[in-house]
Amino acid sequence: MTEKLLTPLKLGAIELAHRVVMAPLTRMRAHWRDGAPTELNAEYYAQRATPGGLLIGEASPVSQQATGHPNVPGIHSAAQVAGWKRVTDAVRAKGGHMYLQLWHTGRVAHSSHQWLGKPPVAPSVVQAQGMAMTAFFKRVPYEVPRALRIDEIAGVVADFRQAAVNAMEAGFDGVEIHGANGYLLEQFLYSKTNLRSDAYGGSIANRSRLVLEIADAVAGAVGAERTGIRLSPYGIANDSAEAEPMPLFTHLVGELARRRLAYLHLIEPRASGTGQAEVFRDDQPSTAAIFRPVWPTAIIDAGGFTRANAIEAVADGRADAVAFGRFFISNPDLVRRVAEDLPFTPYQRPTFYGGGAKGYTDYPFV
Ligand SMILES: Cc1cc2nc3c(=O)[nH]c(=O)nc-3n(C[C@H](O)[C@H](O)[C@H](O)COP(=O)(O)O)c2cc1C
């Protein structure tokens, strides 16, 4: 019997041949000088492309101000667009589809990435607990951010809009707004990082305003059927977390649902493996199961998936597609391994971020 995971799915404007998606994965291997993707990046993505499959390109800063890590690929300059074009050409040559994730890191950036060494920006002056990564790959405590003035917010929205236009010029099928994992958009959503008393703070509606304005601007520029969004309700990454996330996300997802975006991408709270260690919390509800009834288009579910529970999540209708993160790092032919029930190669955490081909393009194919 063919598992539903391996059957076609309409995802906004595109038609997928199967539902095994590559999650957005920051690898910090773009050109150090200008954040332009390189030939090596094109080879990495092309290795993971399959006919009719979907790759979501790693989080890409929409501006210099949005940049929070060294050697991440941007989507705000001509060189970056040209670099990404090489990547999308290589993916398309294998019959694959590709979205790009649009990113603003907000308070968890570091001044070494900012023009003139200015402090990172945030909704409010609330310093994150934990470690930033400088432009020279050094881990240092997060800095005290500067609160965005209300007259600067339209500029942030415009940066997302322009980045989406740039992504289409670079050959992507669509863009995913990064509303997850404790970055700027989630900093606006969550009450502990948003202490504003203007139209962007306070009530749930006000805290949701920036995300919705960005969704409208991006969808207005490239089409709702080419716009997805990633959210992580119950998430704790990058010193985030909301004590009572459900009223907030019920409002936000309800508002987003009216916009009929291509998809909603959820990260299950049970898994957050982006940092130094394995994290697995099994005591949390499935957010895909919670939001499936109210979301009108496709749901991509991510976080802690194996072959078995991915098949199950799609079969029981909780998710329309499943995104794999860490196993897509260590298995360039992950789709084949899922289809043929072959073992997965384990991933090597020390080579997740930065470096060259090692731990990037040298993982074995079956
Ligand atoms: C090295 C690494 C980089 C990541 N980069 C991103 C990113 O750029 N954007 C994002 O939304 N999530 C990012 N994540 C989270 C993954 O997309 C995914 O949600 C997480 O790894 C859980 O899925 P998994 O259990 O299949 O790995 C990253 C995770 C890892 C391990």
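Going by the structure above, here's the rest.
Residues numbered from 1 in each chain as written. Predicted model: local features only at pLDDT ≥ 70, side-chain atom pairs only at ≥ 80, totals over all residues. Heavy atoms only, no water.

Right, let's talk about the overall build of the protein for a bit. The number of helices and strands found in the protein is 10 helices and 14 strands. Since a compact globule built from 366 residues should have a radius of gyration of about 21 Å, the 19 Å found for the protein is in line with a globular shape. In terms of overall dimensions, the protein has C-alpha extents of about 55 × 45 × 40 Å along its principal axes. For the protein, buried positions account for 60% of its 366 residues. Of the contacts formed within the protein by residues at least 6 apart in sequence, a portion of 70% connects residues at least 24 apart. (Helix = DSSP H or I, 4+ residues; strand = E, 2+ residues; numbered from the N terminus. Rg over C-alpha atoms; globule rule 2.2 N^0.38 Å. Buried < 20%, exposed > 50% of the residue type's maximum accessible area, 1.4 Å probe, protein only. Contact = heavy atoms within 4.5 Å.)

With that settled, the discussion passes to the nonpolar core. A general trend in soluble globular proteins is that nonpolar side chains are found buried together. Judged by nonpolar contacts, the single largest core of 81 residues is most densely connected at Y45, W84, L102, F160, L231, L256 and L264. Looking at which element gives the most residues to this core, the answer is helix α5 (residues 204-222), with nine residues. Apart from residues no more than four positions distant in its own chain, W84 is found in contact with P37, Y45, E58, S60, P73, G74, I75, M98, L100, A170 and F172. (Core = buried A, V, L, I, M, F, W, Y, C linked by side-chain atoms within 4.5 Å.)

Next up on the list: the environment of T345. Looking at where T345 falls in the secondary structure, it is placed in the segment after α10 (334-340). On a C-alpha basis, the gap between T345 and A147 in space is 44 Å, while along the polypeptide they are 198 residues apart. Not counting residues up to four positions away in its chain, the partners in contact with T345 are F327, S330, N331, R337, Y363 and P364. Looking at T345, its side chain comes within polar contact range of the side chain of R337, at 3.3 Å. (Polar contact = N/O pair within 3.5 Å; in protein donor to acceptor, adjacent residues only side chain to side chain.)

Here we come to the site of the ligand. Inspection of the region around the ligand gives 20 residues, with T26, Q101, R230, G304 and R326 positioned closest. Contact distances for the ligand include 3.2 Å between an oxygen atom and a side-chain N or O atom of H178. Partitioning the shell around the ligand into residue classes produces nine nonpolar, nine polar and two charged. (Near = heavy atom within 4 Å. Nonpolar A, V, L, I, M, F, W, Y, C, P; charged D, E, K, R; others polar.)

Here the focus is the pairing of strand β13 (residues 298-302). When you tally the buried positions in β13, you get five out of five residues, the bulk of the element. Neither face of β13 is left uncovered, since the one carrying A298, I300 and A302 and the one carrying I299 and D301 both have all their residues buried. Pairing of strand β12 (residues 263-267) with β13 involves five bridges; the strand directions are parallel. Residue pairing for β13: Y263 is matched across the bridge by A298. Where β13 lies against strand β14 (residues 321-324), three bridges are found, and the strand directions are parallel. Counterpart to D301 in the pairing with β14 is V322. The handedness of the β13 to β14 crossover, carried by helix α8 (residues 307-315), is right-handed. (Pairing = 2+ DSSP bridges. Right-handed = clockwise from strand over helix to strand, strands pointing away.)

Quick look at the packing of helix α1 (residues 39-48) against helix α2 (residues 78-93) now. Axis separation between α1 and α2 bottoms out at 8 Å; the angle between their running directions is 30 degrees. As summarised for this structure, α1 and α2 are arranged roughly parallel, according to the angle between their axes. In terms of crossing hand, the pair formed by α1 and α2 is right-handed. Contacts from E39, N41, A42, Y45 and A46 of α1 reach α2 at W84, R86, V87, A90 and V91. (Axes fitted to C-alpha atoms, helices over the stretch in contact; angles between N-to-C directions. Parallel < 35°, antiparallel > 145°, perpendicular 65-115°, else oblique. Left-handed = near helix turned anticlockwise from the far one by under 90°.)

Think of it this way: side chains of opposite charge can pair up when their charged atoms draw near. This structure, assessed with the given rule, holds 19 salt bridges. Close ionic contact of E39 with R86 constitutes a salt bridge, the shortest N to O distance being 3.4 Å. Of this pair, E39 sits in helix α1 while R86 sits in helix α2, and the two are 47 residues apart along the sequence. Among the residues examined, E39 registers a relative accessible area of 49% and is labelled partly exposed. For R86, a relative accessible area of 37% puts it in the partly exposed group. Between K85 and D89 there is a salt bridge, with its nearest N and O atoms 2.9 Å apart. Remark: D89 and K85 occur in helix α2; sequence separation between them is four residues, near one turn of the helix. (Salt bridge = Lys/Arg side-chain N within 4 Å of Asp/Glu carboxyl O.)

Attention now moves to the side chain of R29. Among the secondary structure elements, R29 is positioned in the loop between β3 (20-22) and α1. Buried and unpaired, R29 has no salt bridge, with D362 as the nearest side chain of opposite charge at 7.5 Å. Within the structure, R29 has its side chain in polar contact with the backbone oxygen of K358 (distance 3.2 Å). Apart from the residues lying within four places of it in its own chain, the contact partners of R29 are T38, N41, N71, T351, F352, Y353, G354, G355, G356, K358, G359 and Y360. (Lys, Arg positive; Asp, Glu negative; His and termini not counted.)

Right, let's get into unusual backbone geometry. Located in the positive-phi region is N71, a residue other than glycine, with phi close to 60 degrees. By the secondary structure assignment, N71 is in the loop between β4 (54-61) and α2. Positive phi is not limited to glycine here, since L116 has a value of about 55 degrees. Assignment of secondary structure puts L116 in the loop between β5 (97-103) and β6 (121-122). A relative accessible area of 78% places L116 in the exposed class.

The next subject is the pairing of β12. Every regular strand shows the same layout, with side chains that alternate between the two sheet faces. Burial of β12 is extensive: five of the five residues sit out of reach of the surface. Residues Y263, H265 and I267 line one face of β12 and the alternating positions L264 and L266 line the opposite face, and both faces are buried. The sheet contact formed by strand β11 (residues 227-231) and β12 spans four bridges and is parallel. For G228, the partnering residue across the bridge sits in β12 and is Y263.

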